[in-house]
Amino acid sequence: MPRFLLHSEVIADYRGIIASPGAVLLDGDTIVAVGAPEEIGHLEDVPITQINGMTTPSFVNAHSHLDLSGVGTVPCKDSFANWLIEIVRPIRQERDSISKYVQKGVALSLAGGCRIVGDIAGSQLAAQTARDSELLPVSFVELIGFGKGVESAISTLHAIPDQFEASPHAPYTCSQEVFAACFDSGKKVATHVAESLPELEFIAHHRGELYDYLVKLDAWDEQMRPWECHPVDAILQIANGKPFLAAHLNYIEDRHLELIGQSNMSVVYCPRASAYFGHANHRWKEMIDAGITVALGTDSLLCLDTPERLSVLDEMRLLYARDAANPNELMKMATVYGTKALGLDCSLVTLSTGKTAGLLSFEGIASLDSLLSSETAPKWILQP
Ligand SMILES: [Zn+2]
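All values derive from a computational prediction rather than experimental measurement.

Q: I keep staring at the layout of surface pockets and nothing clicks. Help me out?
A: Sizing a probe to match a water molecule and rolling it over the atoms shows the empty space that remains. The computed volume of the largest pocket comes to approximately 940 Å³. Taken together, 37 residues make up the lining of the largest pocket; nearest its centre are Val 88, Arg 89, Arg 92, Glu 142 and Ile 144. Among the secondary structure elements, those contributing two or more residues to the lining of the largest pocket are helix H2 (80-93), helix H3 (98-111), strand E8 (136-143), helix H5 (150-159) and helix H8 (209-216). Sorting elements by how many residues they give to the lining of the largest pocket places H2 first, with 8 residues. Tallied by class, the residues present in the lining of the largest pocket amount to 19 nonpolar, 11 polar and 7 charged. Of the voids in this model, the second largest pocket is the one considered here, and its volume is about 260 Å³. If you trace the second largest pocket, you find 21 residues lining it, with Lys 242, Pro 243, Phe 244, Asn 264 and Ala 341 closest to the centre.

Take a look at the structure:
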């Protein structure tokens, strides 16, 4: 790819607006210089691309399930357990369609300006399909294992190829042994924690909706040991200081803010997925104030309101409108906090020299406020 110079009315990244007008000099997928157009000047034989609007780096979707993109968006069910049984389970059983569904998820992610995706893959095939795509995915192969299923989950973990990471699904579907094996495996770990009140009830007492769910699936096993504590405490104890991503955290206690802040847990907040299931008052702002890395995720397409794309841009727009969120903070959550949580080089999603995960343009947009209050879709200027 040759060198080219980008002139844009505005250039912005996690630091906010960097220059207006701004310029970026690129050599293939590498940013060579960034600044005001007069700082970079005109270079002989280097073509100029003019952007009438804003230029930003790629966004990072830190939690998604690309293989659940096949059936589009669906209405919520009366309970989380019924949603798992009636919506998710049948999709996961359509083994012949997995690659096609992941490819749809890839296309929707690119349509949303997210080239970096933390993908929870229901199978190695799903992980491989994402890896073979134009995305830069961090693929976590999902594991479920409790009671008699522990041994087989640990065997599956040990058979995951080096290029893929591990996702023990949640503390209500994986035992302490499975979580411990994942943390000891040397792989990056992503899980779902404190997503729902039934999860808290099940973890503490082995009863409630999720207990009924396991019984209904004939998956209940008397050998399962209850955790007898809050899921956040359970997982932090097993992680024992190792870094990992925890999606959701819809239900935490005051004391968890400090505990998580002192740990290496990164939180992935999925605002639209939380709203879809009726979880309110997420404490994401307090988490950031407590020094916790809070990235943004979409979760699966099933629970979104944008069938045309899978993007944390829409999570930012929700938080901007609903929670009066600071635009710069949102840009951090949608870019560098995501790469940090996923253990990637943050400069992939900044307008600084070095390799870039891609650049986006937003036509007619001149400020972060207008980016977040408009419905303007991103277009790729550079998608390496
Ligand atoms: Zn999820």
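From this point, the discussion proceeds with the structure in view.
Q: Teacher, can you tell me more about the coordination of the zinc ion here?
A: A metal bound by six donors in octahedral fashion has ideal angles of 90 or 180 degrees, whereas one bound by four tetrahedral donors has an ideal angle of 109.5 degrees. Only His 63 (NE2), His 65 (NE2), His 192 (NE2) and Asp 299 (OD) from the protein reach the zinc ion as donors, at distances of 2.1 to 2.4 Å. With 4 donor atoms in place around the zinc ion and angles of 84 to 168 degrees between them, the coordination shape is irregular. Between consecutive donor residues of the zinc ion, the sequence gaps follow H-x1-H-x126-H-x106-D. Placement of the pair is His 63 in strand E6 (residues 59-64) and Asp 299 in the loop between strand E13 (294-296) and helix H13 (312-323), with a sequence separation of 236 residues. With respect to burial, His 63 and Asp 299 carry one shared label: buried.

The rules we used
Residues numbered from 1 in each chain as written. Predicted model: local features only at pLDDT ≥ 70, side-chain atom pairs only at ≥ 80, totals over all residues. Heavy atoms only, no water. 1 Å grid on protein atoms, 1.4 Å probe; cavity = no way out; pocket = protein on both sides within 12 Å on 5 of 7 lines; lining within 4 Å. Points joined across faces, edges and corners; volume = space filled by probe spheres on them. Helix = DSSP H or I, 4+ residues; strand = E, 2+ residues; numbered from the N terminus. Nonpolar A, V, L, I, M, F, W, Y, C, P; charged D, E, K, R; others polar. Donors = N, O, S within 2.8 Å, 3.2 Å for Na, K, Ca; no water. Tetrahedral: all angles 85-135°; square planar, octahedral: opposite > 155°, others 65-115°. Buried < 20%, exposed > 50% of the residue type's maximum accessible area, 1.4 Å probe, protein only.

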